[in-house]
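Descriptive analysis of the structure
If you want the building blocks of each chain, they are given just below.
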Amino acid sequence: MSSSRSGRGCSRLPARCTAARNLGAARRRGGRSMASNEDARAAREAKLDELHEKLTGAVESLVSGDDWRQALAFAARFRSRSFNNTMLIWVQHEAAFEAGRVPERFPTLVAGYRQWQGLGRQVMKGQPGYMIFAPVTGRFASSNPADPNSWRRLGPREKHKVNEVVRSRMVGARPAYVWDASQTDGKALPMPPAPTLLEGEAPSGLWDGLAGQIYGAGFEVLRVPHEGMISGANGMTDYEARTVAVRENMDPAAQVKTLAHELAHVVMHDPDDEEARQHRSIREVEAESVALMIGAAHGMDTAGYTIPYVSTWAARVDGQEPVQVVQATGERVRKTALAILDQLDTLQVGDGTPPGLERDTPSPRTSRTPEAEADRPRSAPVPTLAGRGL
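First, a word on scope: everything that follows refers to the structure included in this document. Quantities reported herein were computed from a predicted structural model and do not represent experimental measurements.

For the rest of this paragraph, the subject is the environment of H93. By secondary structure assignment, the location of H93 is in helix α4 (residues 83-98). For H93, the residues in contact, after removing those within four places along its chain, are V102, E104, R105, F106, P107, Y130, D180 and S182.

Here the distance between the centres and the angle between the planes together describe a pair of aromatic rings. Applying the stated criterion across every chain, the model contains 7 aromatic pairs. Taking 5.3 Å as the distance between ring centres and 20° as the angle between the ring planes, the aromatic pair formed by F74 and W90 counts as stacked. With F74 in helix α3 (residues 65-76) and W90 in helix α4, the pair connects residues that are 16 residues apart, well separated along the chain. For the pair shown, F74 and W90 are each scored as buried. Aromatic side chains F219 and Y239 sit 6.2 Å apart centroid to centroid with 85° between the ring planes, which places their arrangement in the edge-to-face category. Of this pair, F219 sits in the loop between α6 (206-216) and β7 (220-224) while Y239 sits in the loop between β8 (235-238) and β9 (243-247), and the two are 20 residues apart along the sequence. Among the residues examined, F219 registers a relative accessible area of 4% and is labelled buried. On the accessibility criterion, Y239 (24% relative accessible area) is partly exposed. The ring of W151 is capped by R169, whose NZ or CZ atom sits 5.7 Å from the centre of that ring. The ring of W207 is capped by R223, whose NZ or CZ atom sits 3.8 Å from the centre of that ring.

Conventions we followed
Residues numbered from 1 in each chain as written. Predicted model: local features only at pLDDT ≥ 70, side-chain atom pairs only at ≥ 80, totals over all residues. Heavy atoms only, no water. Helix = DSSP H or I, 4+ residues; strand = E, 2+ residues; numbered from the N terminus. Contact = heavy atoms within 4.5 Å. Phe/Tyr/Trp six-rings, centres within 6.5 Å; stacked < 30°, edge-to-face > 60°. Buried < 20%, exposed > 50% of the residue type's maximum accessible area, 1.4 Å probe, protein only. Lys NZ or Arg CZ within 6 Å of the ring centre and 35° of its normal.

Here it is, written out as structure tokens:
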């Protein structure tokens, strides 16, 4: 009976009944969509947890000073990526090599799926990507940018007010995938020239480039005849006198390595800087690590760089676990070395980005399986919201 009344009602008011049916269908679709979104979110969180486990394992494996030296020499060749992502690429490529999926123990050039396609190459069938962290960004608006509390996050299609400034900031992280060149085939890649050095030789122009940055920071560079003039050290930075001294009775490679070490002190360890004081216990590790990355980026032999056991310095920061200290130190070192390298007009090894690829150019967003998902950062860093693992 009720069914019959419903039929008569629909015959009289077909538009109303059609609307009701559409509304019901929309609600059912909405329910499925919400469930689908929840499943996607749970899958993403599971992948991020997996990434953190991989990263922690990689960092915990850095035990000796030689382990740290090798990690930084590797990071120097992929310096355009974060220290955490470098470690993730390292351990996953190592696993791929051990499994026989790639021919070489160390990767050469890495990029996302569609980025490789843009260079005329294709990821080979059956080659899984290396999972890394990619930033997720949001748009923020403020009518008073100097006030950190004035920023508000805009909705996906929300427009800012006429008097507001808009900036994109990182608000989190998502899993993304990259592949090494050896996992792809296709168009040949142009290989840029790489520096070659004789034993004890300094890279051309490196001393002058480093010295120029020291002068630019307001310090004078001095060459002294022997270590007796600087308390037995290879080099010394005097913050009060605003001088950097390097002893001359070493081969040119050792001199330029020492100058890079002292430049790292100048850039990172101003005694009036609060953050520098907080890192006092690991300042020498940071300076030597920056020098190592600069040397590695110029093809220099890094075997002579002396860094103590990781456990002797990573456990000295109050309130932080050694793994956190290693990650934070690695990223501080990478950023400092990258800033110095970017100002040098010298021949350097590549940074892991395939020639012809601009990593800052976003790729179209597509949905892919783990074996075929591109690394597509969606922009850059917000009122100090940090992404997981980046």
